[in-house]
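The primary structure of each chain is shown beneath.
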Amino acid sequence: MSAPRPAGAARSAPTGGAALLDVEGLTVRLLVEGAKRDVLREVSFAIRAGEAVGLVGESGSGKSMTARAIDRLLPAGAEVEGAIRFEGRDVESLAGTDLRGYRGLVAMIFQDPRAHVNPVRRIGDFMTEALRTNLDVSASTAERRAVNMLAQVGIEDGERRLRQYPHELSGGLLQRVMIAAALLTEPRLLLADEPTTALDVTTQAEVMAILHDLRREFDLAMLFITHDLELAAAVCDRTIVMYAGQIVEVRSSELLHDDPLHPYTAALAAARPDIAQTARRLRAIPGRPLSAFEAPAGECAFAPRCPYARDECRTAVPQITALAGGLSRCVRARELRGRLGVSVDA
Amino acid sequence: MSVAAAVPEEATRRRSVWSLLTSTGPVGMAAAAVIAVATFVAVFGSLLAPYDPDLSNLSLSWVAPTGGHLLGFDGQGRDLLSRLLAGARTSMLGPLGVVVICMVAGTLLAVTAAWRRGAVDAAISSGLDIMFAFPGILLAVLAATVFGAGLLAAAVALAIAYTPYVARVLRGAALKERSQQYVAALEVQGVSATSICMRHLVPNMMPLIVAQSTILFGYAMVDLAAISFLGLGVQPPAPDWGVMISENQSGIVQGYPLSALLPGLCIVLVVVAFNVLGERLFEQAQAARQ
Amino acid sequence: MLLVSLFVASFVIFGAMYLAPGNPIAALSGGRSLPPQSVHILELRYHLNAPFLEQYWLWLKNVLHGNLGVSIILQENVSTLIASRIWTTAGLVLYASIIILVVGIGLGVLSGLRHGALDTSTLVVTAVSAAIPSFVAAIVLILLFAVKLGWFPALGNGTSFLSNVHHFTLPAFALAVSSLAIVARVTRASVREEAAREHVQTAVSRGIPTRQVVWRHVIRNAAIPVTTISGITIASLIAIAAVVEVAFSLNGLGAYLVASAESKDLAVVQGISLVLVTAFVVVNVLVDILYAVLDPRVSLGGRAQ
């Protein structure tokens, strides 16, 4: 068996066209209770123009941090190593007008719309603020564009809505407003941080449908962050799985569920009860998800909870192994290939 | 989510006074120490005073510190140190009375409103809202006019004026406590309302009650000293700190500021201590309720 | 709701006459013995032979027409006595309010937005100044600025407008000192809290320049609790002004109120109390209106304490 490829080269290489967003060796440390702690370790991936990539993980996995790092929204005192490149330009070094321009090209939508929209300002103000400030668009033009965009997300009486306040709209409507507002600056990449988690299932489906249509219409690339493996699979071409601040698997979404390459992904998929099957007991992963700084040093972060762990898993941090059809951060990746599917008992 | 089942909440969470104090940090402990000293002086002040605080010798008025008189004399030729020590009593006793009346009344009203809810709550809350319009000092002045100047009238008036505020704060906490699961459990077991309130609801609100009392003491002390300063509270020649400031104010323009400044300093020190301690206790109470 | 408070307060003020030991005549005269004609006049004026509620109603009607009774000491209309002094108190409260708003809010905003030396020193200073009662501040200010430095006069009203301002400066600061602290603290806390809110992140993520984010999203939102505390604080000045007026021998309503209380001139005390309580309620109403304007989620009168 050949040795696993070194981490530097183990990005999911874009096939055709340069990458829109290129993240390489991203390591982030935050101030947690007075000390600098790792939250992201050597995260590397790329997104092509128009591509939808899912980022899946539990709490503490670092998925939100990744998005915030890309959008330069990390808390004060954060240390960033590695490179983030957008359309070839380094993002970390942007400042002033360049940074604001970048923010127009990379839009972010958040999980809880009610917390993320200023409650004392009207919807119209919220939607047109960026246009009027950064792109010097006149108020009337900006409002016209806002109304049009609202129609695109399925809100017909846009003019009336612009004059309303956030508390007068339901959660689902507000999330659509947030999406519409994000798209007004004509971004090329959309960072969606769990946009449907706070919504009920029906609204969730509507919002996902809107995102899908808008992506096609505006040729928008998307990084879709969620804890729901199935949701990511339904929406995205590729899915990245994160655990304890590291990428543990990259795979095309169709194959991720039935033929995962990493034991963690397999466990995630197995933990979700299947409505078509009767189970006598829910399969939970023993233990709890760890943040990067809580993970044991010098070994595989998932080893303590992994049913396939062997001694070799505890000797060093595993590197990314490139297999046909995906990447896996598992020392036993080749060996376990094809045996991690849902139908197989651990 | 964690597999550990939700542990049934302790019906009553008690905490020793000492642990409550130490949890306020070094600053809080320092404040508590100041308060302890002030209380000590309030109780034993007259015994500690080296000279008779009321003995007046006009030929000695405004004399600077000399001999055994560490702080000198006031405008009436009385030993300043002795008066300061003796004055602690009324300066601390008045606010104590206010706080006791207020917290008892406030707790009763708050718990009743929170327990009965509905119409009773609405009535009590409206009643409290109405009383908000009366500033404490104004009520004390009115009381002094009608009943004559004195500490008792002033203290009662202040207590009445503060109660709506206290009851408001406690009502919120009582409502929250009321909706806890253990209350429903006790009710189902047939425990009487009074018993639940007295033996569980109120003790669980204790951290907040203690914090609120401490902060209130500070306010009451300031207001009562002001009323005494105005001549409508403790009456001269009693050695109350507020009265002393008023008596000796003329000394400032004459060049003898000490006898007016020192009582002021005492007031500020003690009030700062109460404020600081009260704030920290308040934070602890908030944290405990999350 | 506030109007109801006003009514109830007026009822209490009126009822004070009956709370005193003895009969209303004794309360009105302050325990002095009066010649029979005076007693008769009082009985007529206050309708003392009518049922209690009718007395209250007639008294209230008089009040609303500007007739606040007669001072037993000076034998003049209370309304005249009040009118000559009201501008002193109003001017003092206004001056102190300006100081509180400018210094308190300014300090709060600055220390809320920055961390470090300014912030820590603000916290310490406010902790101490919050505990300084106005009369203590008064004597310290008199000592420092009037006696030692001689920059300001130690007492009195002053004659012209400029001289008034000069005379009122020390009293205004004495009045403002302790209230300033709480306004600064609440402002600082609100600014801090708003700056940490998620909607601020949204604005940043869309490339809005920092200064605009601070102004339009942090300060604008923090204005809500700041308005409330400023309003409450300024309303409370109305009562505390009495203490400062006495300390500085200013000829204002507060000082006159205290003097009348000492001499048991009930009619004057009632009259001034009414004026002060009304002013208090008016300020609270203004705060309510301002709050509803600033926070679209809240309807008029919905301000939570």
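Our structure is the block above this text.
These notes cover the structure that comes with them. (Residues numbered from 1 in each chain as written. Chains lettered and ligands numbered in written order. Predicted model: local features only at pLDDT ≥ 70, side-chain atom pairs only at ≥ 80, totals over all residues.)

1. A closer look at the overall build of chain C
Heads up, the rule is: We count a stretch as a helix when DSSP gives it H or I for four or more residues in a row; a strand needs E for two or more, and each element gets its number in order from the N terminus. Residue pairs qualify as contacts under a 7 Å threshold applied to their C-beta atoms, which are placed from the backbone.
What chain C contains, in helices and strands, is twelve helices and zero strands. By principal-axis analysis of the C-alpha atoms, chain C measures approximately 80 × 50 × 35 Å. Considering only intrachain contacts with a sequence separation of at least 6, the fraction spanning at least 24 residues in chain C is 71%.

2. A few points about the nonpolar core
How we decide: In this usage, the nonpolar core is the set of buried Ala, Val, Leu, Ile, Met, Phe, Trp, Tyr and Cys residues whose C-beta atoms join them within 7 Å. Counts of 20 or more other C-beta atoms within 10 Å of a residue's own C-beta define buried residues, counts of 12 or fewer define exposed ones, and intermediate counts define partly exposed ones; C-beta atoms are placed from the backbone.
Core analysis: the largest hydrophobic core is formed by 278 residues, its most contacted members being B:Ala140, B:Val141, B:Ala154, B:Leu158 and C:Ala138. When residues in this core are grouped by element, the largest group, 20 residues, is from helix H8 (residues 193-230) of chain B. Here B:Ala140 is in contact with B:Ala154, B:Ala157, B:Leu158, B:Ile227 and B:Leu232, once residues within four sequence places are set aside.

3. Description of the sheet that holds strand E6 (residues 106-109) of chain A
All names here are of chain A. The condition is simple: Paired strands are those between which DSSP finds at least two bridges. The convention used is that axes are lines fitted to C-alpha atoms, helices contributing only their stretch in contact, and that angles between N-to-C directions extend from 0 to 180 degrees.
The strand order across the open sheet formed by eight strands is E6-E7-E8-E3-E9-E10-E12-E11, and the pairing between neighbours is mixed. The open sheet is flanked by E6 and strand E11 (321-323), the only strands paired with a single partner. When strand polarity is set aside, the average angle formed by the axes of neighbouring strands in this sheet is 20 degrees. As defined by bridge partners, strand E3 (residues 52-56) adjoins strand E9 (residues 238-243) across four bridges and the pair is classed as parallel. Directly across from Gly54, in E9, lies its bridge partner Thr239.

4. Let's talk about the interface of chain B and chain C
In plain terms, the rule: Residue polarity follows a fixed list, in which Ala, Val, Leu, Ile, Met, Phe, Trp, Tyr, Cys and Pro are nonpolar, Asp, Glu, Lys and Arg are charged, and the others, Gly among them, are polar.
Each side of the interface is counted separately: chain B has 38 residues, and chain C has 45 residues. Secondary-structure elements contributing two or more residues to the side of chain B that touches chain C are helix H4 (118-131), helix H5 (136-147), H8, helix H10 (250-254) and helix H11 (258-289) of chain B. With nine residues, H11(B) is the largest single contributor of residues to the side of chain B that touches chain C. Here the residues of the side of chain B that touches chain C sort into 30 nonpolar, six polar and two charged.

5. So, unusual backbone geometry
Glycine aside, the phi torsion of most residues is negative, and most peptide linkages are trans. Look at the link from B:Pro236 to B:Pro237: it is a cis peptide, with omega at 10 degrees. If you trace the backbone, B:Pro237 turns up in the loop between H8 and helix H9 (241-248). Its identity is not glycine, yet A:Glu194 carries a phi of approximately 45 degrees, on the positive side. Considering the arrangement of structural elements, one finds A:Glu194 in the loop between strand E7 (189-193) and helix H8 (201-218). Since 20 C-beta atoms lie within 10 Å of it, A:Glu194 is described here as buried. Positive phi, normally seen in glycine, also occurs at C:Lys264, with a value near 55 degrees. Considering the arrangement of structural elements, one finds C:Lys264 in the loop between helix H11 (253-262) and helix H12 (266-294).

6. Structural notes on the pairing of E3(A)
Residues and elements named next belong to chain A. With respect to burial, E3 is a largely interior element, five of its five residues being buried. What you see with E3 is no split at all: Ala52, Gly54 and Val56 on one side and Val53 and Leu55 on the other are buried throughout. Relative to strand E8 (residues 221-226), E3 runs parallel, the two being bridged by five bridges. When the sheet's bridge partners are listed, Ala52 is paired in E8 with Met222.

7. Some points on the sheet that holds strand E2 (residues 35-48) of chain A
Residues and elements named next belong to chain A. Strand order in the open sheet formed by four strands is E2-E1-E4-E5, with antiparallel pairing between adjacent strands. The sheet terminates laterally at E2 and strand E5 (89-90), the two strands that pair on one side only. Relative to E5, strand E4 (residues 79-86) runs antiparallel, the two being bridged by two bridges. Residue Arg85 lies in a different strand from E5, and its bridge partner there is Asp90.

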